[in-house]
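Examining the three-dimensional arrangement
Letter by letter, the chains look like this.
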Amino acid sequence: MAHYLCPVCRSPRKVHLQDRLPLITHARIATSLVGLIGALLLGGAGPWALRLATLYLPIWAVLEFAHWAEQKAQTKCRTCDFDPFLYQKDWRAARVAVELRLNGIKSEMLAKNSPARAPEIAAEAVH
Ligand SMILES: [Zn+2]
């Protein structure tokens with residue numbers, strides 16, 4: 001578990017980072033495949049069932065990608081949309097994303113507190 005402040009907006013962030021898939025996930029993939037192959041062999045399937053062991057690699061690749069995508073989503077700041085992964089690849093694109101987000105927040109706040117809404121805001125305050 002990593003605790004840090006967003007370098008742009010200083011909001012506190014807490015993420016659980018791991019570079020690779022946990023070992024338990026590899027064990028789960030292997031156990032599932034062994035169980036599937038065993039069931040097929042006991043069910044009378046031929047030796048072709050052993051070839052299902054090659055499914056380990058594509059399953060591992062898909063889960064590794066899903067893990068990477070989850071890590072990327074966790075590190076992105078929910079307040080200002082700062083994305084450290086994007087910043088490493090292209091800092092200009094990361095800057096544009098943050099500016100768009102912050103300008104959106106600013107325009108939302110301006111719209112919320114605009115003088116045209118003054119009667120609505122006063123009515124909300126009364127209730
Ligand atoms: Zn931020």
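Residues numbered from 1 in each chain as written. Predicted model: local features only at pLDDT ≥ 70, side-chain atom pairs only at ≥ 80, totals over all residues.

1. A closer look at unusual backbone geometry
Trans is the common state for peptide bonds, and a negative phi is the common state for residues other than glycine. As a reminder, the rule being used: To qualify as a helix, a DSSP run of H or I must reach at least 4 residues; to qualify as a strand, a run of E must reach at least 2; elements of each kind are numbered from the N terminus. Counting other C-beta atoms within 10 Å of a residue's C-beta gives its exposure: the residue is buried at 20 or more, exposed at 12 or fewer, and partly exposed in between, where C-beta atoms are placed from the backbone.
Backbone geometry at Arg10 places phi at a positive 65°, although glycine is not the residue there. Position of Arg10 among the secondary structure elements: in the loop between β1 (2–5) and β2 (12–15). For Arg10, a count of 11 C-beta atoms within 10 Å translates into the label exposed. Even without being glycine, Asp81 reaches a positive phi, approximately 65°. Along the polypeptide, Asp81 turns up in the loop between α2 (56–75) and α3 (84–89).

2. Here's the deal with the packing of helix α1 (residues 23–42) against α2
Pairs of packed helices are described in terms of their axes, by the angle between the two and the distance that separates them. To keep things clear, this is the line we draw: Angular values range over 0 to 180 degrees, each being the angle between N-to-C directions of two axes fitted as lines to C-alpha atoms, with helices fitted over their stretch in contact. Handedness of a crossing is defined here by the sense of rotation of the near helix relative to the far one, left-handed for an anticlockwise turn of less than a right angle and right-handed for a clockwise turn. Contact between two residues is assigned when their C-beta atoms, built from the backbone, lie within 7 Å. Put simply, Ala, Val, Leu, Ile, Met, Phe, Trp, Tyr, Cys and Pro go in the nonpolar bin, Asp, Glu, Lys and Arg in the charged bin, and everything else, Gly too, in the polar bin.
Across the interface, α1 lies against α2 with an axial gap of 11 Å and an inter-helix angle of 145°. The two elements α1 and α2 cross, and the hand of that crossing is right-handed. Along the contact surface, α1 presents Thr25, Ile29, Ala30 and Leu33, while α2 presents Tyr56, Ile59, Trp60 and Leu63. Looking at the contact of α1 with α2, its residues break down into 7 nonpolar, 1 polar and no charged.

3. Topic: the domain arrangement of the protein chain
Interfaces are often sized by the amount of accessible area the parts lose when they come together. Rule in force here: Here the bounds of each domain stem from an automatic or database domain assignment.
Partitioning the protein chain into structural domains gives domain 1 (1–78) and domain 2 (80–127). One C-alpha centre belongs to domain 1, the other to domain 2, and the line joining them spans 35 Å. At the junction of the two partners, domain 1 supplies 8 residues and domain 2 supplies 7 residues.

4. Section: the environment of Leu5
Topologically, Leu5 is positioned in strand β1. A residue is classified by how many C-beta atoms lie within 10 Å of it, and Leu5, with 11 of them, is exposed. Considered as a pair, Leu5 and Cys77 are 72 residues apart in the sequence and their alpha carbons are 9.6 Å apart. Setting aside anything within four residues of it in sequence, one finds Leu5 in contact with Arg10, Ser11, Pro12 and Arg13.

5. Focus: α1
Note the cut-off: A helix's residues, less one, multiplied by 1.5 Å, set its expected span.
For α1, with 20 residues, the first-to-last C-alpha span of 28 Å sits near the 28 Å given by 1.5 Å per residue. Count one or two residues on from α1 and you reach Gly44, which has phi positive near 100°.

6. Observations concerning the pairing of β2
This is how the line gets drawn: Pairing between strands is defined by DSSP: at least two bridges between them are needed.
With 4 bridges joining them, β1 and β2 adopt antiparallel strand pairing. Across the sheet, Leu5 pairs through a bridge with Pro12, a residue of β2. Between β1 and β2, which follow one another and run antiparallel, lie 6 residues, and Arg10 among them has a positive phi close to 65°.

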